[in-house]
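Structure assessment
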Amino acid sequence: MMKADLLYEGKAKRVYQAKDKPGQLVLAYKNDATAFNGEKKASFTGKGQLNNDISSLIFPILHDKNIQTHFIERLSETEQLVHQTEIIPLEVVVRNLATGSITKRLGIEERTVFNPPIIELFYKDDALGDPLINDEHALFLSDVTSSELQEIKEKALEINEQLTAVFKEIDVELVDFKLEFGRLASGCIVLADEISPDTCRLWDSTTHEKLDKDVFRQGTGDLLEVYQEIYRRLEAKS
Ligand code: C5P
């Protein structure tokens with residue numbers, strides 16, 4: 001057993017101190033799905049494993065492209081070992097195609113292509129409902145300098161390029177996604193959290209079928225089935 005104390009429980013994961021490994025954490029993926037800031041909730045047996053497996057395939061691909069992340073290794077069906085970071089309270093969203101909140105907020109037509117991609121920052125605060133913020137808010141609300149904020153945005157765009165290519169190979173369009181970054185003890189900022197169908201919008205390139213959490217948000221499909229489809233395609237390619 002590699003886990004010691006439970007440090008934090010979020011909506012989708014539990015975070016434990018790794019036993020006898022200072023500076024390392026165990027992330028345990030839960031089966032819970034939430035949407036609309038926790039208003040809609042359900043549990044899907046096997047979801048935690050699928051997200052752990054999908055994230056555990058994607059992080060090493062980013063490492064191969066020289067993108068630093070907190071990921072160390074997959075430990076078990078639902079757990080992974082990561083470097084401890086201090087999470088920067090920003091949700092960094094990258095959008096390639098218009099859908100979701102931006103279409104409603106700005107009246108942009110569904111599927112409008114964003115070239116260059118649009119980056120949006122949201123303040124990670126459940127009580128406030130994760131509001132959209134600008135750069136000045138981000139500098140005020142989080143412990144980052146303006147050059148670090150610039151670095152975070154550049155990393156987000158680089159990750160977008162790499163992930164878009166990865167998903168293109170499995171006939172999936174990367175529509176948009178959310179990233180979180182964390183600061184290592186060394187001060188370095190690295191990609192943290194997860195990359196999974198919970199945090200990305202993934203559409204089949206040919207049929208435009210939704211293969212992500214929108215099937216749960218909108219009640220239009222079987223969450224486990226579409227997550228399995230993403231895992232199956234990524235696995236077959238790796
Ligand atoms: O809802 P919205 O259109 O702003 O979501 C943009 C992207 O960020 C989507 O891929 C969504 O899955 C992701 N997201 C997330 N966690 C949130 C909010 C959005 O992973 N709390």
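Computed from a predicted model, the values in this text were never measured in an experiment. (Residues numbered from 1 in each chain as written. Predicted model: local features only at pLDDT ≥ 70, side-chain atom pairs only at ≥ 80, totals over all residues.)

Turning next to the sheet that holds strand β3 (residues 24-29). Spatial strand order, β1-β2-β3-β7-β6: 5 strands in an open sheet with antiparallel pairing. Each edge of the sheet is formed by a strand with only one pairing partner; in this case those strands are β1 (3-9) and β6 (71-74). The average undirected angle you get between the axes of adjacent strands in this sheet is 30 degrees. Where β6 lies against strand β7 (residues 79-83), 3 bridges are found, and the strand directions are antiparallel. Bridge pairing links Arg 74 to Gln 80 in β7. (Pairing = 2+ DSSP bridges. Helix = DSSP H or I, 4+ residues; strand = E, 2+ residues; numbered from the N terminus. Axes fitted to C-alpha atoms, helices over the stretch in contact; angles between N-to-C directions.)

Moving on, we come to the UniProt feature "domain: SAICAR synthetase/ADE2 N-terminal" (unreviewed entry) in the protein chain. As recorded in UniProt, the feature "domain: SAICAR synthetase/ADE2 N-terminal" (unreviewed entry) lies at residues 6-233. End C-alpha to end C-alpha, residues 6-233 measures 33 Å, and it is 31% helix and 34% strand. (UniProt positions renumbered as here; feature names shortened; annotations may be inferred.)

Let us look at the nonpolar core. Side chains of nonpolar character tend, in soluble globular proteins, to be buried together. Counting residues in each nonpolar core, the largest one holds 49 residues, and the members touching the most others are Val 92, Leu 174, Leu 179, Phe 181 and Leu 202. Per element, the largest residue contribution to this core is 7 residues, and it comes from helix α4 (residues 146-169). In terms of domain composition, this core takes at least three residues from each of domain 1 (3-83) and domain 2 (88-223). (Core = buried A, V, L, I, M, F, W, Y, C linked by C-beta atoms within 7 Å. Buried ≥ 20, exposed ≤ 12 C-beta atoms within 10 Å, placed from the backbone. Domains from an automatic or database assignment.)

Looking now at helix α6 (residues 223-237). For α6, with 15 residues, the first-to-last C-alpha span of 22 Å sits near the 21 Å given by 1.5 Å per residue. Among all positions in α6, only Leu 223, Val 226, Tyr 227 and Ile 230 are buried. Along the long axis of α6, the arc covered by the buried residues comes to 100 degrees, so they all point the same way. Opposite its buried face, α6 presents the exposed residues Glu 225, Arg 232, Glu 235 and Ala 236, each directed more than 90 degrees away. Taken together, the buried residues of α6 touch β4 (32-35), α1 (47-64), β14 (200-204) and α5 (214-217). (Expected span 1.5 Å × (residues − 1). Arc of directions from axis to C-beta. Contact = placed C-beta atoms within 7 Å.)

Omega for the bond connecting Asn 115 with Pro 116 falls within 30 degrees of zero, at 5 degrees, which places this linkage in the cis form. When you line up the elements, Pro 116 lands in strand β10 (residues 113-123). Even without glycine at this site, Asp 20 takes up a positive phi of about 60 degrees. Exposure remark for Asp 20: the 8 C-beta atoms within 10 Å place this residue in the exposed category. Despite not being glycine, Asp 171 has its phi angle at roughly 60 degrees, a positive value. Mapped onto the secondary structure, Asp 171 falls in the loop between α4 and β12 (172-183). The class of Asp 171 is exposed, set by 12 C-beta atoms lying within 10 Å.

In the neighbourhood of the ligand, 13 residues make up the surrounding shell, with Gly 100, Ser 101, Lys 178, Thr 199 and Arg 201 lying closest. Elements represented by at least two residues in the shell around the ligand include exactly β9 (90-97), α2 (101-106), β12 and β14. Looking at which element gives the most residues to the shell around the ligand, the answer is β12, with 3 residues. Its residues placed into classes, the shell around the ligand shows 4 nonpolar, 3 polar and 6 charged. (Near = placed C-beta within 6 Å. Nonpolar A, V, L, I, M, F, W, Y, C, P; charged D, E, K, R; others polar.)

Residues of the protein chain with pLDDT of at least 70 account for 100%, and the chain-wide mean is 97. Of all helices and strands in the protein chain, the one with the weakest mean pLDDT is β1 (93), whereas β9 scores best (99). Here the complex is predicted with pTM 0.98, and the ipTM for its interfaces comes to 0.99. (pLDDT = per-residue confidence, 0-100.)

For the protein chain, the assigned domains read domain 1 (3-83) and domain 2 (88-223). Facing 21 residues of domain 1, the contacting portion of domain 2 comprises 24 residues. Among the elements that line the side of domain 1 that touches domain 2, the one with the most residues is α1, at 7 residues.

What follows covers the environment of Phe 44. Tracing the backbone through its elements, the reader meets Phe 44 in the loop between β5 (40-43) and α1. As a C-alpha pair, Phe 44 and Val 166 span 122 residues in sequence and 26 Å in three-dimensional space. Not counting residues within four places of it along the chain, the set of residues in contact with Phe 44 comprises Asn 31, Ala 33, Leu 223 and Leu 224.

Here we come to the pairing of β4. Here β4 pairs with β5 via 4 bridges, running antiparallel. Within the sheet, the bridge partner assigned to Ala 35 lies in β5 and is Lys 40. Two successive antiparallel strands, β4 and β5, enclose a turn made up of 4 residues, where Phe 36 displays a positive phi of approximately 50 degrees.

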